[in-house]
Amino acid sequence: MPIHRRNIALTPGIGIFADGTLAGRQCHLAFHRMEPAGAERHRREAQRVSLLARTNQTPYNSHMPELKPLVAVIMGSKSDWETMRHAVETLDELGVPNEAHVLSAHRTPDATAEFARNGAARGLRVVIAGAGGAAHLAGVIAAHTWLPVLGVPIQSKLQGLDSLLSTAQMPGGIPVGTLAIGEAGAKNAALLAAAILGTSDDAIRKKLEAFRKKQSESVLAAKLEK
Ligand code: RP5
């Protein structure tokens, strides 16, 4: 590989070299010839490419692929998507760059741990994890990262009470911030993630304030039928 070949246009999951070839495994081969800062950046992107290649379900991916995701929305099964899509839609509405994947604590344990360990280095700042039944996904992710993890209990065969208790009842030491069961929890997880990011990001805080204002106006404008 020529020394001058550089990865010049990385978007989440895909990079393009100057000669038009796609980045991926090549990143591993090329980065040792780059200056340290660039090499580190490309190593992280290469890790991301490799993880997404094995775990990504593209229909659920970020609606803002040009921006580096700050929030990851993870769910234990494709069957959780109808609930967790409310988190993604709310993040999109607030302009928070996000990504979404199906990863299971028990069906894909290695990929889940790898995702959690690499998340902070990839630039993620909050993880939202939704799972149902014996819902240990949020806790397992929290065990592998210092990032704040917000848990969404999915409405299950036991109306979500099993999911709620499994997500909320973390023993002291590894916290999971647990939201309400189902759709409300997914939406609120996104709003809470935005609030966390908004403490250091003015643009996101302003979007959140605008969301609240619009919501208040809509409540005050409610007309009741006699
Ligand atoms: C959990 O098991 C998932 O989060 C999901 O809520 C539940 C059922 O999964 P499926 O059997 O529908 O794939 O891991």
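Look up a bit, the structure's there.
Residues numbered from 1 in each chain as written. Predicted model: local features only at pLDDT ≥ 70, side-chain atom pairs only at ≥ 80, totals over all residues. Heavy atoms only, no water.

Asks: Help me understand the site of the ligand, please; the structure alone is not making it clear to me.
Replies: All residues in the neighbourhood of the ligand are listed as Gly76, Ser77, Ser79, Asp80, His106, Arg107, Ala131 and Gly132. The separation between an oxygen atom of the ligand and a polar side-chain atom of Ser79 is 2.7 Å. Within the backbone of Gly132, a nitrogen or oxygen atom sits 3.0 Å from an oxygen atom of the ligand. Taken together, the residues of the shell around the ligand sort by class into one nonpolar, five polar and two charged. (Near = heavy atom within 4 Å. Polar contact = N/O pair within 3.5 Å; in protein donor to acceptor, adjacent residues only side chain to side chain. Nonpolar A, V, L, I, M, F, W, Y, C, P; charged D, E, K, R; others polar.)

Asks: Before we go on, may I ask you to explain the sheet that holds strand β3 (residues 126-131) in this structure?
Replies: Sheet strands line up and pair through hydrogen bonds in the backbone, either parallel or antiparallel. Strands sit in the order β2-β1-β3-β4-β5 across an open sheet of five strands; the sheet is parallel. With partners counted over all chains shown, the strands left at the sheet margins are β2 (98-102) and β5 (177-178), one partner each. Contacts between helix α3 (residues 81-93) and the sheet are confined to β1 (71-75), β2, β3 and β4 (149-153), with β1 contributing the most and set at about 170° to the helix. Docked against the sheet, helix α4 (residues 109-122) engages β1, β2 and β3, running at close to 170° with respect to β2. (Pairing = 2+ DSSP bridges. Helix = DSSP H or I, 4+ residues; strand = E, 2+ residues; numbered from the N terminus. Contact = heavy atoms within 4.5 Å. Axes fitted to C-alpha atoms, helices over the stretch in contact; angles between N-to-C directions.)

Asks: Help me understand the environment of Gly177 in this model?
Replies: Structurally, Gly177 is set in strand β5. On the accessibility criterion, Gly177 (32% relative accessible area) is partly exposed. Expressed as a C-alpha distance, the spacing of Gly177 and Ile128, which sit 49 residues apart in the sequence, is 9.3 Å. Residues in contact with Gly177, not counting those within four places in the same chain, are Val149, Leu150 and Gly151. (Buried < 20%, exposed > 50% of the residue type's maximum accessible area, 1.4 Å probe, protein only.)

Asks: It is not clear to me how the side chain of Ser104 should be interpreted in this structure. Could you clarify?
Replies: Summarising the element assignment, Ser104 is placed in the loop between β2 and α4. Accessibility expressed as a relative area gives 4% for Ser104, which makes it buried.

Taken by themselves, the reported measurements are silent on function.
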